[in-house]
Amino acid sequence: GYQRRVQEAVVSTQSTGIALSCNSVDDHKGWSADIMAHGGLQGVSFPIIEDPSRELAVKYGMLDPEEKDNKGLPLTARAVFIVGPDKKLKLSILYPATTGRNFDELIRVIDSLQLTAYKKVATPANWQAGGDCMVLPSVKGEEATTLFPQMRIEQVPSGKEYMRFTPQPQ
């Protein structure tokens, strides 16, 4: 199913997921069993951090003030933080508690971050893995044509030559 495909995609990016929950370890075990059954998984491949005091959820701004549990406490929002190998925050998305995450988009972002960390390209809007990339503005003249022999420059009304596209480098 979908969860298996997502789990395989995350593993292929050599990334690690970590979940934070305000529920107990026993609740996590029940939830994990449900997810495994629903998604046809052999296991949940990421650690789940228990935060019943909500200390971490508050610290990282992960509470949804609009949605409350049966005790009247704010539910945790579906927060996503992507941290790079350099230990710097690369992406932060906060979904309302009532909105599920888009795992295809998260995998797309991870692919983009990994590509752009090592190649002198940026990924344009709606980029998908394998699609054309943009050559960074810092890559000038001869270096650009040497690194990206298939680079093409899109003409724009300003006459500036910053819309430089190239097939995705390997």
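Residues numbered from 1 in each chain as written. Predicted model: local features only at pLDDT ≥ 70, side-chain atom pairs only at ≥ 80, totals over all residues. Heavy atoms only, no water.

A.B. asks: Please clarify how the side chain of D64 should be interpreted in this entry.
C.D. replies: Positionally, D64 belongs in strand β3 (residues 63–68). Not counting the four nearest positions on each side in its chain, D64 is found in contact with P74, L75, T76, A77, P96 and A97. (Helix = DSSP H or I, 4+ residues; strand = E, 2+ residues; numbered from the N terminus. Contact = heavy atoms within 4.5 Å.)

A.B. asks: Just to check I follow, could you spell out the sheet that holds strand β10 (residues 164–166) for this structure?
C.D. replies: Two orientations exist for strands paired in a sheet by backbone hydrogen bonds: parallel and antiparallel. Spatially, β7-β8-β10-β9 is the arrangement adopted by the 4 strands of the open sheet, whose pairing is antiparallel. Among the strands making up the open sheet, the edge pair consists of β7 (121–122) and β9 (152–153). The pairing of β7 with strand β8 (residues 133–135) spans 2 bridges and is classified as antiparallel. When the sheet's bridge partners are listed, V121 is paired in β8 with V135. (Pairing = 2+ DSSP bridges.)

A.B. asks: How should I be thinking about the nonpolar core in this particular structure?
C.D. replies: L115, V121, W127, C133, V135, V139, A144, F148 and M151 form the largest nonpolar core, which has 9 residues in total. One finds L91, L106, V109 and I110 within the second-largest nonpolar core, a separate group that totals 7 residues. (Core = buried A, V, L, I, M, F, W, Y, C linked by side-chain atoms within 4.5 Å. Buried < 20%, exposed > 50% of the residue type's maximum accessible area, 1.4 Å probe, protein only.)

A.B. asks: I tried to follow the pattern of salt bridges on my own but got confused; where do I start?
C.D. replies: By the definition in use, this model includes 6 salt bridges. Among the ionic pairs, E105 bridges to R108, the shortest N-O distance being 2.7 Å. You can see E105 and its partner R108 sitting in helix α4 (residues 103–118), 3 residues apart, about one turn around the helix. Relative accessible area serves as the criterion here: at 27%, E105 is assigned to the partly exposed category. Overall, R108 belongs to the buried group, its relative accessible area being 17%. In this structure, a network of salt bridges that share partners links the residues D132, R152 and E154. (Salt bridge = Lys/Arg side-chain N within 4 Å of Asp/Glu carboxyl O.)

A.B. asks: Before we go on, may I ask you to explain the pairing of strand β6 (residues 89–95) in this structure?
C.D. replies: Regular strands place side chains that alternate from one sheet face to the opposite one. Pairing geometry for strand β5 (residues 78–83) and β6, over 6 bridges, is antiparallel. Opposite V83, over in β6, you have L89 as the bridge partner. Counting the residues in the hairpin turn of β5 and β6 gives 5 residues, including K87, whose phi is positive at 70°.

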